[in-house]
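# Residue-level structure breakdown
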Amino acid sequence: MKKALSLVLVAVFLVSLFGGLSVVPSAKAVAQEVTYNMGTEPATIDPGMANGVSENNVVAQVFDGLTRLDNKNAPQPAMAKSWTISKDGKTYIFTLRDALWTNGTPVTAYDFEYAWKRALSPELASPYAYALYYVYGGQAFNTSIKVGTKYYVQAVDAKGNPLTKKEGGKDVPVANMAKEIDPSKNIGVKALNAKTLKVYLQSPAPYFLNLTATATLYPVCKAVVSTNEKWAFDPTNYVTDGPFKLTQWSHSDKMVFVKNPTYWDKDKVKLTKITYLMVNDSSTALSMYETGQLDAAVLVPSSELSKLVASGDVKILPYLGTQYFLFNVPEKPFSDVRVRKALTLAINRQQITTAVTKGGEIPALAVVPHGIADALPGSDFRTVGGSYFKDNDITTAKALLAQAGYPNGKGFPAFTLTFSSSDLHKAMAEAIQQMWKKNLGITCTLRSEERGVWLDDMVNINYDVSFAGWIGDYMDPNTFLDLWVTGGGQNSTGWSNKVYDALIAKEKATVDPKVRMATLHAAEKILMTEMPILPIYFYTNPVLVSKSIKNFYQSTLGTVDWKTAYMG
């Protein structure tokens with residue numbers, strides 16, 4: 001879910017207490033406690049609203065879904081002890097195990113049904129609701145219009161275009177009062193009893209079990225959430241079902257978790273306490289680590305990375321994600337595809353990855369990263385698809401900018417490049433700012449925003465050009481490509497293309513892997529032809545792991561899982 005990106009670039013550095021650096025040994029080294037700097041405060045800890053790496057690194061510790069991913073990213077039984085799948089791949093029957101919420105009440109199939117329908121409800125406005133569009137009727141419900149206590153399909157004109165009307169100076173959708181959507185009947189998730197959940201999909205989805213391990217599909221305690229809309233604001237009301245439970249949240253400072261004594265698989269949980277700190281200055285975090293105040297640190301200065309790699313403290317782990325910029329497509333001059341392409345081609349990605357990020361990142365000349373299988377055994381989607389443009393193609397960039405009416409940048413309007421506050425983002429923004437100035441003759445200003453503000457501005461397309469990124473939610477190209485459909489919860493560009501939308505709809509309904517992958521390649525080609533986003537690089541995950549931390553696991557999807565970790 002993944003994984004908006006996070007929509008945030010977070011390189012997790014877990015540094016050895018006993019090797020590579022000269023550090024003060026922690027007094028907690030033999031205790032089953034870990035202090036981990038997550039770098040930034042999560043915008044929410046409601047799994048139905050989780051939208052980034054920080055959010056997922058919290059909810060993954062305190063929730064279990066129907067499944068939980070193992071260290072090979074394969075879904076394993078969690079709240080569901082078993083399941084059956086129909087021959088057509090569309091009907092799943094999950095049998096739940098005996099498990100408890102942290103308030104001592106049973107986790108039931110009714111909690112799952114409630115959580116999924118809540119995430120889909122238009123009034124919640126979950127940015128990740130589309131993860132449940134695979135469920136029959138999910139998209140129709142999520143895009144419905146609520147009138148009173150009922151939901152209706154949006155009305156369309158004779159040509160099938162959605163109807164709107166003016167209210168308070170804004171266009172609002174018009175409901176078709178003849179087409180009601182009843183969430184109790186028209187959505188393909190149903191608790192047959194307390195222990196049995198039936199799910200009916202719109203079409204077969206080979207990665208659906210992986211999706212059941214993501215935050216949007218986690219259960220929530222219906223008895224608590226339905227009666228307290230602020231349940232996820234304070235540990236007192238934060239009822240969960242995972243290996244740890246939240247006991248303290250001091251905003252902008254720290255979060256404290258303890259082992260959950262009611263967890264169904266508690267015998268595998270060794271850590272008794274996890275403390276998450278929110279230190280967003282990398283130099284401060286490194287200093288705290290070196291003085292024994294941290295067992296694990298995030299946002300270590302990139303200037304230290306090469307030394308740590310050389311010393312053997314750093315492991316470069318795979319990370320299924322892409323760093324990119326978003327363009328505000330409806331806004332001039334970014335409404336001109338030639339401008340978007342010029343800005344894309346005028347960047348030297350190789351220089352950024354070798355001189356700025358220094359983590360072995362790979363320049364991105366497409367959207368979908370390496371590491372995802374294509375149709376044929378042993379094939380890779382990125383290798384098959386190849387590159388869609390050249391890195392640092394200044395000649396073509398200048399020609400396109402001139403064609404758009406801005407020769408050598410003359411007359412190009414002032415604009416702002418927005419990024420979430422971090423040393424690395426700032427360094428990247430400054431490097432790219434200089435590249436655009438040198439190569440195209442255009443000037444932009446930089447704006448650093450606190451993460452919550454940046455997310456809000458991005459969702460509301462309140463920017464000119466903005467940093468963003470995406471970590472895959474499952475091992476399939478779709479997790480990077482269905483983001484950009486018209487009106488999609490993560491499409492914060494204002495871009496729309498009906499042919500692209502049709503291709504994504506087609507691949508979701510296609511069973512034949514060769515046809516499906518060909519359709520996904522065709523969709524990516526459209527995306528890279530129109531360039532509402534500017535790919536920069538494919539992530540890697542440099543991780544520093546203390547020798548005292550055993551069984552540390554961070555998936556290629558970016559989520560740290562402390563369930564089986566321990567101090568040794």
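Higher on the page you've got the structure.
The structure reproduced in this document is the subject of the present report.

So, how was this worked out
- Residues numbered from 1 in each chain as written.
- Predicted model: local features only at pLDDT ≥ 70, side-chain atom pairs only at ≥ 80, totals over all residues.
- Heavy atoms only, no water.
- Helix = DSSP H or I, 4+ residues; strand = E, 2+ residues; numbered from the N terminus.
- Buried < 20%, exposed > 50% of the residue type's maximum accessible area, 1.4 Å probe, protein only.
- Lys, Arg positive; Asp, Glu negative; His and termini not counted.
- Charge placed at Lys NZ, Arg CZ, Asp CG, Glu CD.
- Contact = heavy atoms within 4.5 Å.
- Polar contact = N/O pair within 3.5 Å; in protein donor to acceptor, adjacent residues only side chain to side chain.
- Core = buried A, V, L, I, M, F, W, Y, C linked by side-chain atoms within 4.5 Å.
- 1 Å grid on protein atoms, 1.4 Å probe; cavity = no way out; pocket = protein on both sides within 12 Å on 5 of 7 lines; lining within 4 Å.
- Points joined across faces, edges and corners; volume = space filled by probe spheres on them.
- Nonpolar A, V, L, I, M, F, W, Y, C, P; charged D, E, K, R; others polar.

### A short note on the overall build of the chain
Helices and strands together make up the secondary structure of the chain, namely 16 helices and 25 strands. Taking the principal axes of its C-alpha atoms as reference, the chain extends roughly 70 × 70 × 50 Å. Expressed as a percentage of the 568 residues in the chain, the buried residues total 57%. The positive charge centre, built from 57 side chains, and the negative charge centre, built from 50, are 3 Å apart in the chain.

### What about the environment of Thr262?
Tracing the sequence through the fold places Thr262 in the loop between strand E15 (254-259) and strand E16 (273-277). Judged by relative accessible area, which is 24%, Thr262 ranks as partly exposed. Spatially, the C-alpha atom of Thr262 lies 12 Å from that of Val62, the residues being 200 residues apart in sequence. Not counting the four nearest positions on each side in its chain, Thr262 is found in contact with Leu100, Trp101 and Thr102. At 2.8 Å, the side chain of Thr262 forms a polar contact with the side chain of Asn260.

### Considerations on the nonpolar core
Counting residues in hydrophobic clusters, the biggest one holds 148 residues, and the most contacted among them are Trp116, Phe208, Trp436 and Trp562. Ranked by residues supplied to this core, first place goes to helix H12 (residues 423-440) with 7 residues. Core analysis: the next-biggest nonpolar cluster, separate from the first, contains 11 residues, Leu277, Ala285, Tyr289 and Leu294 among them.

### Points about the layout of surface pockets
Here the largest pocket defines a volume of roughly 1800 Å³. Those elements that place two or more of their residues in the lining of the largest pocket are helix H3 (138-142), strand E8 (150-154), helix H13 (451-459) and helix H15 (498-508). When residues in the lining of the largest pocket are grouped by element, the largest group, 5 residues, is from H15. Of the residues that constitute the lining of the largest pocket, the class distribution is 24 nonpolar, 19 polar and 6 charged.

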